[in-house]
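Report on the structure
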Amino acid sequence: MTNQADRKLYKFGDEAQEKIAAGITKGADVVASTLGPAGKNVLIERKFRTPIVVDDGITAINNLILDDELENLGVTSLVDAANKASEYAGDGTSTTIVLVRAIYEAGRKLTGGMGFGKTPFEIKADLQAAEKDVLTRLQAKSKPIKTKEEIKSVAIAAYNDEPMAEIVADMIEKVGENGVLLVEEAWGRETETELQTGMKFAGKLVHGFFANTPEEGLSLEGFPILVTDFDFVNLNDLMTIVKDVSQAGENGLVVIADKYEKPAIEQIIRVNLFNAQNKSAFKIYLVRTPSFAPRKYEDLAIFLGARYFSKERGENVIECKQEELGRASDFKVSKAGDGIAIGGAGKKEDVNKRILELKLLYADEKVKMLKNAFAQDIAALASSIGIIRVGSPSDGETEHIRLKTKNAVKSCQAAIAEGAVRGAGIVLKEISDELSEGNILKEALKSPHETIQRNAGGTLQIPEDIYDATKVIRTAIEQACSQALMLINTGTIIGFRTEPDRGDAAEIIAEKKENG
């Protein structure tokens, strides 16, 4: 028997499109108000915590839920586009959402209503051709970003705060092209910076259960770390070292391995839950390293001061002793799959010896692809980790500054990777002026710049040296075209009838995702 709360609502045809359009309009209006240097803040309530003030699109849209369940499908479509833009480029979420609305509205006009105008296939062909043309023009306008002043210009466009842009540019210059720059909250009111030795690696949590941060990542300090390319079938292989570490008074164990079978993951989750129910802080965290070559495990183990347990050498983690575990003063794994170890316990002379070995391999290697791989390994071991700790008088303001600074860092890194174009939506306006009349993207491309000017009262003067990262704008166009096309071609929408809930909006969205 179907629960009353699980009963579904649905609309067809033009009625479905009207609901989608209403949701997109409301969601895009919230986000558009934050765009540009004159954009406004959004105040977001949080259950049992102080409200936060944000002016970035992704946080605003992720915390927006409409009363109308079907209109809310339009909002969640914007959430999807923004989250993918953030994942791929790190910034540009507001621009993505503004473009989704503009392209969707342009496509709807071409359909002339359900069953009239252009067919979905014709619109798809037009949009894909226009997108390809626009991306080619965008790349032609891109310029490389190399100097500190150029990096600072990108940071100013992302944050609109010159002192913080100076800090971001300075730290990016210090850590270098292969370095890592983190943004954290400071304990006090002042913003501080720090350089530490660190190593970046490809790593993902095997299950969301092991996350311990609001961003669904992992952040630990000083935990023992096991490094192996072993395939874990069940918990038995770990029992000896888990028991030893637990009895030694540690709060947990991080396992970095190649593969975990489903029974092993389920058993470890059950152990963690059992410990939590019995008020024990001990927890096992599982990190998977996709496509890791054996030498990468060796590199990571040397940096952490661990023994690498290798399948090739016939070693087994059952033999692992406590002194063969590694450590890092700070160990992080992001949802996107980036692992960072700061302050590894490995001896400096061992790390330097490994770097020298890799340099010799690099010098002897003739195959370009393998040579590049060795160069990346050397850079990973020899890199610095920069940390910007932001502070302010209040928790809400600190979180606001942290998010803005993080976006600025990501924009700068994207610009270094793929170059930059004129900022504040100007490059898209220039491309729009080059397109012929009737091009499906011609009017839509003007929307980001027009929104920025509208927020500023139409009087904003954009300096010539303000840039946006090409990667950010490219990703915004790609995600907006993809999402808008899907929505234009939607003829039926189905949503859950939900009971009113005044809790934290982000928690509600997460719960909906978990429940399918």
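Because the structure is a prediction, the values reported are computed rather than measured.

What follows covers the overall build of the protein chain. Counting its secondary structure elements, the protein chain contains 17 helices and 19 strands. Taking the principal axes of the C-alpha coordinates as reference, the protein chain spans close to 70 × 65 × 50 Å. By residue count, 49% of the 516 residues in the protein chain fall in the buried class. Expressed as a percentage of contacts within the protein chain between residues at least 6 apart in sequence, the contacts between residues at least 24 apart total 77%. Total accessible area computed for the protein chain in this model is approximately 25,500 Å², and 50% of it derives from carbon and sulfur atoms.

A few words now on the sheet that holds strand 6 (residues 204–205). Spatial ordering of the open sheet is given by 6-12-10-8-13, a layout of five strands whose pairing is mixed. Looking along the sheet, the strands with just one partner apiece sit at the ends: strand 6 and strand 13 (308–309). Taken together, the three bridges between strand 8 (residues 225–228) and strand 10 (residues 252–257) define a ladder with parallel strand orientation. By the bridge assignment for strand 10, L226 is matched with V255.

The subject of this paragraph is the packing of helix 6 (residues 148–159) against helix 13 (residues 395–418). Between helix 6 and helix 13, the least distance of the axes is 8 Å, while the angle of their chain directions is 140°. It follows from the interaxial angle that helix 6 and helix 13 lie oblique. Taken as a pair, helix 6 and helix 13 cross one another with a handedness that is right-handed. Contact residues: I151, V154, A155, A158 and Y159 in helix 6; I401, K404, T405, N407, A408, S411, C412, A415 and I416 in helix 13. Tallied by class, residues from the contact of helix 6 with helix 13 come to 10 nonpolar, three polar and one charged.

Bringing the pattern of salt bridges into the picture now. This model, assessed by the stated rule, comprises 39 salt bridges. Across the pair K118 and D126 runs a salt bridge, and its minimum N-O distance is 2.4 Å. For K118, a relative accessible area of 34% gives the class partly exposed. For D126, a relative accessible area of 29% gives the class partly exposed. Of the charged contacts, one joins R137 and D133 as a salt bridge, the two residues approaching to 3.1 Å between their closest N and O atoms. Here the residue R137 and the residue D133 both occupy positions in helix 5 (residues 120–141), the gap between them amounting to four residues, near one helical turn. Taking relative accessible area as the criterion, R137 reaches 27% and is therefore assigned partly exposed.

Turning our attention to the environment of K406. In this fold, K406 is placed in helix 13. Along the backbone, K406 and L110 are 296 residues apart, and their C-alpha atoms lie at a distance of 39 Å. Setting aside residues no more than four positions away along its own chain, K406 makes contact with V183 and E215.

Residues Y10, F12 and I494 make up a contiguous nonpolar surface patch of about 360 Å² in total accessible area. Within the secondary structure, Y10 is located in strand 1 (residues 8–12). Note on Y10: relative accessible area 52%, which makes it exposed.

To continue, consider the confidence of the model for the protein chain. Any residue range with low pLDDT should be treated as having predicted coordinates unsuitable for detailed reading. Overall, the predicted model of the protein chain reaches an average pLDDT of 85, with 93% of residues at or above 70. Within the protein chain, the element-level pLDDT minimum falls on helix 17 (residues 505–514), averaging 50, and the maximum on helix 14 (residues 426–434), averaging 94.

Attention now moves to helix 13. Between the first and last C-alpha of helix 13 there are 35 Å, a value that for 24 residues agrees with the 34 Å anticipated at 1.5 Å per step. Sitting at the amino-terminal end of helix 13 is S394, which places a side-chain oxygen 3.2 Å from the backbone nitrogen of E397. Positive backbone phi, approximately 90°, marks G419, located one or two places after helix 13.

This part is about the packing of aromatic side chains. Scanning all chains against the criterion turns up seven aromatic pairs. With centroids separated by 6.0 Å and ring planes inclined at 75°, the aromatic side chains of F223 and Y285 adopt a geometry described as edge-to-face. Pair noted here: F223 is in the loop between strand 7 (218–220) and strand 8 and Y285 is in strand 12 (residues 283–288), with a separation of 62 residues, a long-range link. Each member of the pair, F223 together with Y285, is buried. Plain terms: the ring middles of F230 and F232 are 5.3 Å apart, the flat faces sit at 70° to each other, and that makes the pair edge-to-face. Overall, the relative accessible area of 15% leaves F230 in the buried class. The structure contains a cluster of three or more aromatic residues connected by ring pairs, namely F230, F232 and Y260. Over the ring of F209 we find K283, and its NZ or CZ is 4.6 Å from the ring centre. A cation sits over an aromatic face here: K371 above Y362, 4.3 Å from the ring centre.

A few words on the layout of surface pockets. Picture a little ball the size of a water molecule; that probe, rolled over the atoms, points out where space is still empty. The computed volume of the second largest pocket comes to approximately 740 Å³. The wall of the second largest pocket is formed by 38 residues, among which G36, P37, A157, A158 and Y159 lie closest to the centre. Of all the secondary structure elements, the ones that give two or more residues to the lining of the second largest pocket are helix 4 (93–111), helix 6, helix 13, helix 15 (447–455), strand 18 (467–469) and helix 16 (470–488). In terms of residue count, the dominant contributor to the lining of the second largest pocket is helix 6 (five residues). Split into classes, the residues belonging to the lining of the second largest pocket amount to 18 nonpolar, 14 polar and six charged.

Strand order in the open sheet made by the six strands is 4-16-5-15-14-7, with mixed pairing throughout. At either margin of the open sheet sits one strand with a lone partner, and together these are strand 4 (180–185) and strand 7. Mean inter-strand twist for the sheet, computed between neighbouring axes without regard to direction, equals 30°. Bridge count for strand 4 against strand 16 (residues 384–390) is six bridges, and the pairing is parallel. The partner of L182 across the bridge, within strand 16, is I387. Each of strand 5 (192–202), strand 14 (328–333) and strand 15 (338–344) touches helix 10 (residues 294–304); the most contacted strand, strand 5, lies at about 145° to it.

Criteria and cut-off values
- Residues numbered from 1 in each chain as written.
- Predicted model: local features only at pLDDT ≥ 70, side-chain atom pairs only at ≥ 80, totals over all residues.
- Heavy atoms only, no water.
- Helix = DSSP H or I, 4+ residues; strand = E, 2+ residues; numbered from the N terminus.
- Buried < 20%, exposed > 50% of the residue type's maximum accessible area, 1.4 Å probe, protein only.
- Contact = heavy atoms within 4.5 Å.
- Areas by Shrake-Rupley, 256 points an atom, 1.4 Å probe, with all protein chains shown as cover.
- Pairing = 2+ DSSP bridges.
- Axes fitted to C-alpha atoms, helices over the stretch in contact; angles between N-to-C directions.
- Parallel < 35°, antiparallel > 145°, perpendicular 65-115°, else oblique.
- Left-handed = near helix turned anticlockwise from the far one by under 90°.
- Nonpolar A, V, L, I, M, F, W, Y, C, P; charged D, E, K, R; others polar.
- Salt bridge = Lys/Arg side-chain N within 4 Å of Asp/Glu carboxyl O.
- Patch = residues over 30% accessible without salt bridge, like charges linked within 9 Å, V, L, I, M, F, W, Y side chains within 5 Å.
- pLDDT = per-residue confidence, 0-100.
- Expected span 1.5 Å × (residues − 1).
- Polar contact = N/O pair within 3.5 Å; in protein donor to acceptor, adjacent residues only side chain to side chain.
- Phe/Tyr/Trp six-rings, centres within 6.5 Å; stacked < 30°, edge-to-face > 60°.
- Lys NZ or Arg CZ within 6 Å of the ring centre and 35° of its normal.
- 1 Å grid on protein atoms, 1.4 Å probe; cavity = no way out; pocket = protein on both sides within 12 Å on 5 of 7 lines; lining within 4 Å.
- Points joined across faces, edges and corners; volume = space filled by probe spheres on them.

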